[in-house]
Amino acid sequence: MAQKELRRMNRVELIEIIYALEQNEEELKQENQELRKKLEERKVVVENAGSIAEAVAGLNHIFDTAQRTADDYLASVAVVKEEAEREAERIVNEAKEEAGRIIADAKKQTEER
């Protein structure tokens, strides 16, 4: 408002304007406080998001390591299985050969009698 208009107003009108301005100022202070609170909450969320992202990255590393360990274990089990199968086959072949010798010796002894 212009200076002339303010001078023409009576005290009641000026008090009403001052009161309205104070009310407006109080509302703005409350709004400012609420916005600061929201900003602080978002700051916390952003900080936690960073922490969560770091935690996820750490977990991904752990899961990757666990997966590699599991893969290595399965590979070693496959190798042991193959070795066991070869050893079993070798033992079976030796047993067949021994059985063949025993049968041949038994036949020979039977023929000699």
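Residues numbered from 1 in each chain as written. Predicted model: local features only at pLDDT ≥ 70, side-chain atom pairs only at ≥ 80, totals over all residues. Heavy atoms only, no water.

Novice: Is there a simple way to think about the overall build of the protein in this case?
Specialist: When helices and strands are tallied, the protein shows two helices and zero strands. Reported as C-alpha extents along the three principal axes, the dimensions of the protein are approximately 150 × 15 × 15 Å. With 113 residues in all, the protein has 1% of them scored as buried. Carbon together with sulfur atoms contributes 56% to the accessible area of the protein, which is approximately 10,800 Å² in total. Side-chain charges in the protein split into 19 positive and 27 negative, and the spacing between the mean points of these groups amounts to 4 Å. (Helix = DSSP H or I, 4+ residues; strand = E, 2+ residues; numbered from the N terminus. Buried < 20%, exposed > 50% of the residue type's maximum accessible area, 1.4 Å probe, protein only. Areas by Shrake-Rupley, 256 points an atom, 1.4 Å probe, with all protein chains shown as cover. Lys, Arg positive; Asp, Glu negative; His and termini not counted. Charge placed at Lys NZ, Arg CZ, Asp CG, Glu CD.)

Novice: What exactly am I supposed to notice about the pattern of salt bridges here?
Specialist: Oppositely charged side chains may form a pair once their charged atoms are brought near each other. If you walk through the whole model with that rule in mind, you get six salt bridges. Between Lys29 and Glu25 there is a salt bridge, with the nearest N and O atoms lying 3.9 Å from each other. With Lys29 and Glu25 both in helix α2 (residues 11-112) and four residues apart, this pair spans about one turn of that helix. Taking relative accessible area as the criterion, Glu25 reaches 42% and is therefore assigned partly exposed. Arg101 is the partner of Glu98 in a salt bridge, and the nearest nitrogen-oxygen pair spans 2.7 Å. Remark: Arg101 and Glu98 occur in helix α2; sequence separation between them is three residues, near one turn of the helix. Connected through shared salt-bridge partners, Glu87, Arg90 and Glu94 make up one network. (Salt bridge = Lys/Arg side-chain N within 4 Å of Asp/Glu carboxyl O.)

Novice: In this structure, what is going on with a nonpolar patch on the surface? I would like to understand it.
Specialist: A cluster of nonpolar side chains, namely Leu59, Ile62 and Phe63, defines an oily patch on the protein surface of about 310 Å² accessible area. Along the chain, Phe63 falls in helix α2. (Patch = residues over 30% accessible without salt bridge, like charges linked within 9 Å, V, L, I, M, F, W, Y side chains within 5 Å.)

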